[in-house]
Amino acid sequence: MNIYVRTKIPTNRYLKVFLVIVNLSAAIGLFYFVFFLQKDKPNPLPLLLPIAYGCTIGKYFLWNTFGEEFYIISTTHITYQHHYGIWKTTQKTLKYDFISTDSTNQNELTLIFINYNNEKLQEEIFRTSLPISAVDSERIFNRLNQIKIDEFGDEVNFPKIFAN
């Protein structure tokens, strides 16, 4: 049993419009610059500028405009995937030992997935912020604890306990 979480990047509508205008004008300016350098003789090197822009700043533009995150949280592993509107990254799975939380903002919960290394020291393996309320976060952690209790009971052959 797993917990599935899907979050959308909370970007203000006006900020999205601003990002579209800035990135569109930057892309047009870069292509104009590349074609301006091609007047004398063909030069393939300036074509790397729009490609580099797309791989760096363009990626963050897509993330802040269309970004979504998908998480699958089990009692021992987290699987995550990012969606940029045009493409999805491959799913990555990480093993963790416990989850720490930081809720400095009331409407945002920061999950910190921690693993112990060979020296029994804590290592942060993944961190994410979810725009959810305290009630929803309690529900997620209660569900994770229930899954852990059920798995522990299966390991030691305890009978299943059902809440009435």
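All of these numbers come straight from a predicted model, not from anything done at the bench. (Residues numbered from 1 in each chain as written. Predicted model: local features only at pLDDT ≥ 70, side-chain atom pairs only at ≥ 80, totals over all residues. Heavy atoms only, no water.)

**Some points on the overall build of the protein**
Here is the rule we go by: Note on conventions: DSSP H or I runs of at least 4 residues are helices, E runs of at least 2 residues are strands, and numbering of each starts at the N terminus. Buried residues are those whose accessible area, probed at 1.4 Å on protein chains only, stays under 20% of the maximum for their type, while exposed residues exceed 50% and partly exposed ones sit between those limits. Contacts between residues were defined by any pair of non-hydrogen atoms, one from each residue, lying within 4.5 Å. Surface exposure here means Shrake-Rupley accessible area, sampled with a 1.4 Å probe, where a residue is shielded only by the protein chains that are shown.
What the protein contains, in helices and strands, is four helices and seven strands. When the helices and strands of the protein are placed in sequence order, the string is β-α-α-α-β-β-β-β-β-β-α. Looking at the 164 residues of the protein, the share that counts as buried comes to 30%. In the protein, 42% of the contacts between residues at least 6 apart in sequence involve partners at least 24 apart. For the protein, the exposed surface amounts to about 11800 Å²; the carbon and sulfur share of it is 60%.

**Observations regarding the pairing of strand E3 (residues 77-83)**
The two faces of the sheet receive side chains in turn, since in a regular strand these alternate between them. We apply this condition: A pair of strands counts as paired when DSSP detects no fewer than two bridges linking them.
Of all seven residues making up E3, six are buried, and the element is well covered by its neighbours. Sheet topology note: the strand E2 (residues 68-73)/E3 ladder contains six bridges and is antiparallel. For Glu68, the partnering residue across the bridge sits in E3 and is His83. Here E2 folds back onto E3 in antiparallel fashion, the turn holding three residues. As paired elements, E3 and strand E4 (residues 92-95) share four bridges and run antiparallel to each other. If you follow Ile78 over to E4, its bridge partner there is Leu94.

**Things to note about the confidence of the model for the protein**
We apply this condition: pLDDT runs from 0 to 100 and stands for how confident the predictor is about each residue.
The share of residues in the protein with pLDDT of 70 or more is 86%, and the mean pLDDT across the chain is 80. Across the protein, element-level confidence peaks in E4 with a mean pLDDT of 93 and bottoms out in helix H4 (residues 134-155) with 69.

**Comments concerning the sheet that holds E2**
Which entries qualify depends on this criterion: The angle between two axes is taken between their N-to-C directions and runs from 0 to 180 degrees, where each axis is a line fitted to C-alpha atoms and a helix contributes only its stretch in contact.
Taken in spatial order, the four strands line up as E1-E2-E3-E4 in an open sheet, and their pairing is antiparallel. The open sheet has two edge strands, strand E1 (3-8) and E4, and neither has a second partner. Neighbour-to-neighbour, the strand axes of this sheet turn through a mean angle of 20 degrees, independent of strand direction.

**Considering a nonpolar patch on the surface**
Note the threshold: Each patch is built from residues lacking any salt bridge and having more than 30% relative accessible area; the joining distance is 9 Å for like charges and 5 Å for nonpolar side chains (Val, Leu, Ile, Met, Phe, Trp, Tyr). Salt bridges are defined as contacts in which a side-chain nitrogen from Lys or Arg sits within 4 Å of a carboxyl oxygen from Asp or Glu.
A cluster of nonpolar side chains, Tyr32, Phe33, Phe36, Leu37 and Leu49, forms an exposed patch at the surface whose accessible area comes to about 510 Å². Among the elements that make up the nonpolar patch, the one with the highest residue count is helix H1 (residues 13-37) (four residues). Topologically, Phe36 is positioned in helix H1.

**Digging into the packing of aromatic side chains**
Under the convention used in this document: Each Phe, Tyr or Trp ring, with Trp reduced to its six-membered ring, pairs with another whose centre is within 6.5 Å; inter-plane angles below 30 degrees give stacked pairs, above 60 give edge-to-face pairs, and intermediate values give tilted ones.
Taken as a whole and assessed by the stated rule, the structure comprises seven aromatic pairs. Consider the rings of Phe113 and Phe126, whose centres lie 6.1 Å apart with planes at 50 degrees: the pair is tilted. Residue Phe113 is found in strand E6 (residues 108-116), and its partner Phe126 is found in strand E7 (residues 122-130); the two are separated by 13 residues along the sequence. Residue classification places Phe126 among the buried residues on the basis of a relative accessible area of 10%. Put simply, the rings of Tyr71, Tyr80, Tyr96, Phe113 and Phe126 touch in pairs and so form one group of aromatic residues.

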